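Topology and contacts: notes
Chain by chain, the residues:
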Amino acid sequence: MSRLRALWQASFNATKRDDLIPPSERYIFNFNSKDELKKWHLYSDSEYGGLSSASLEITDSVAGADTSLTGVFSGNLSSDMSEGSTWRIRRYGFCGMRSKKFNGFIDLDAYDTIAMKIKGDGRCYISTIYTENWVNSPGQQEDNSWQAFVHTPQDRWQILKIPLDHYLPTWRGNVIEAKLEMNPARIVGMSLSVNAEGGVPGAKTGTGDFRLEVDWIKALRTV
């Protein structure tokens, strides 16, 4: 924690009242209706001449979810590119679902962990948090991105918890080798994505179908 943040936290702790303490958890996304789909958009290497494809649907869930409906992010990862493509990118075989920008931003400064209830396929997914740009130079308009791996056991519901300080600052998929701290008070969006290659040891890799079922995403205060 930076010195400025530490001083602010000490001041807050000294003056807070019980009625001002935020709840211990806060829903960020809850995939329990088709309206939830309006909050997200899909992307893949098909935007650059690749042949990967993805979909996001709300579907009836099997036992294990908290609600009868859940979100299903699924598709196919391909390392091929379309004939005649003029794009030249280093890596094909990726798909993602990214939330549309919040109306301004959401303030998660009172929380220290992101939790999600998911059921996967043995692949390693990437959880990304986007914050307002203060790491990149002023001329760059992209949001800052912070990423963590999400390894999903196959065909089994789990609640995965990722401390915010486990998210690493990245620039176009590469970790920034510098000591930087996320500002959780200025979060503008989130995403989940999957690559054909890479991830944690033991995770399923390679081209082919993928499927990730998501019940909800929350922020938690654990300390």
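Think of each chain on its own: its residues are numbered from 1, step by step along the sequence as written. Reporting in this predicted model follows two pLDDT cut-offs: at least 70 for local features of residues, and 80 or more for side-chain atom pairs to be given and counted; totals over whole chains, interfaces and linings ignore these cut-offs and use all residues. To get the side-chain values, take all heavy atoms of the structure and skip hydrogens and water.

As a reminder of what qualifies: UniProt positions are given in the numbering used here, feature names are shortened, and annotations may be inferred rather than shown by experiment.
Looking at the protein in UniProt, the text filed under Sequence similarities (unreviewed entry) is "Belongs to the CIA30 family." Its UniProt record gives the protein a comment under Subcellular location (unreviewed entry), which states: "Mitochondrion".

**Looking at the environment of Ile 89**
This is how it is decided: Runs of H or I in DSSP of at least four residues are treated as helices and runs of E of at least two as strands, each being numbered from the N terminus.
By the secondary structure assignment, Ile 89 is in the loop between strand E4 (69-77) and strand E5 (94-99). It is 7.6 Å that separates the C-alpha atoms of Ile 89 and Tyr 48, two residues lying 41 residues apart in sequence.

**Remarks on the nonpolar core**
As a reminder, the rule being used: Nonpolar cores are built from buried Ala, Val, Leu, Ile, Met, Phe, Trp, Tyr and Cys residues. Side-chain atoms within 4.5 Å join them into one set. Here's how the labels work: a residue is buried when its accessible area is under 20% of the maximum for its type, exposed when over 50%, partly exposed in between, all with a 1.4 Å probe on protein chains only. The contact rule is simple, with two residues in contact once any of their heavy atoms fall within 4.5 Å.
Residues Ile 28, Phe 73, Leu 108, Ile 114, Met 116 and Tyr 167 are the most contacted members of the largest nonpolar core, which totals 37 residues. Here the element with the most residues in this core is strand E13 (residues 208-220); it accounts for five residues. If we ignore the near neighbours within four places in the chain, the residues touching Leu 108 are Arg 26, Ile 28, Ile 114, Pro 184, Ala 185, Ile 187, Met 190 and Ala 219.

**Some remarks on the side chain of Ser 74**
Among the secondary structure elements, Ser 74 is positioned in strand E4. Look at Ser 74 and you get buried, because its relative accessible area is 14%. Not counting residues up to four positions away in its chain, the partners in contact with Ser 74 are Ser 53, Ala 54, Ser 55, Phe 210 and Arg 211.

**Some details on the sheet that holds strand E8 (residues 144-151)**
The test is simple: At least two DSSP bridges between two strands are needed for those strands to be called paired.
Here we have seven strands laid out as an open sheet, ordered E2-E5-E12-E7-E8-E10-E11, and antiparallel in their pairing. Two strands in the sheet have a free side with no partner beyond their single neighbour: strand E2 (40-44) and strand E11 (174-175). Relative to strand E10 (residues 168-171), E8 is paired through three bridges, and the arrangement is antiparallel. Counted as the bridge partner of Gln 147 is Leu 168 from E10.

**Overview of unusual backbone geometry**
Its identity is not glycine, yet Asp 155 carries a phi of approximately 55°, on the positive side. Among the structural elements, Asp 155 can be located in the loop between E8 and strand E9 (157-163). Classification of Asp 155 as exposed rests on a relative accessible area of 59%.

**What about the pattern of salt bridges?**
Definition in use: We define a salt bridge as a side-chain nitrogen of Lys or Arg found within 4 Å of a carboxyl oxygen belonging to Asp or Glu.
For the structure on display, the rule yields nine salt bridges. Its salt-bridge partner being Lys 218, residue Glu 25 comes within 2.9 Å of it at the nearest N-O pair. With a gap of 193 residues between them, Glu 25 in strand E1 (residues 25-30) and Lys 218 in strand E13 connect regions that are remote in the sequence. The exposure class of Glu 25 is partly exposed, given its relative accessible area of 37%. The exposure class of Lys 218 is buried, given its relative accessible area of 8%. The residue Glu 213 makes a salt bridge to Lys 119 at a minimum N-O spacing of 3.7 Å. You can see Glu 213 sitting in strand E13 and its partner Lys 119 sitting in strand E6 (residues 113-119), a full 94 residues away along the chain. Residue Glu 213 shares its accessibility class with Lys 119, and that shared class is buried.

**Topic: the pairing of E10**
As judged from the two bridges shared by E10 and E11, these two strands associate in the antiparallel manner. What sits directly across from Trp 171, in E11, is Asn 174. What sits between E10 and E11 in their antiparallel hairpin is a turn of two residues, with Arg 172 showing a positive phi close to 55°.

**Regarding the packing of aromatic side chains**
To keep it simple, the criterion reads: Only Phe, Tyr and Trp rings take part, Trp by its six-membered ring, and two of them pair if their centres are within 6.5 Å. Stacked means planes under 30 degrees apart, edge-to-face means over 60, and tilted covers everything else.
According to the stated counting rule, one finds five aromatic pairs in the structure shown. Both rings, one in Phe 29 and one in Trp 40, keep their centres 4.6 Å apart while their planes meet at 50°; by these two values the pair is tilted. Of this pair, Phe 29 sits in strand E1 while Trp 40 sits in strand E2, and the two are eleven residues apart along the sequence. Accessibility assignment for this pair places Phe 29 and Trp 40 in one class, buried.

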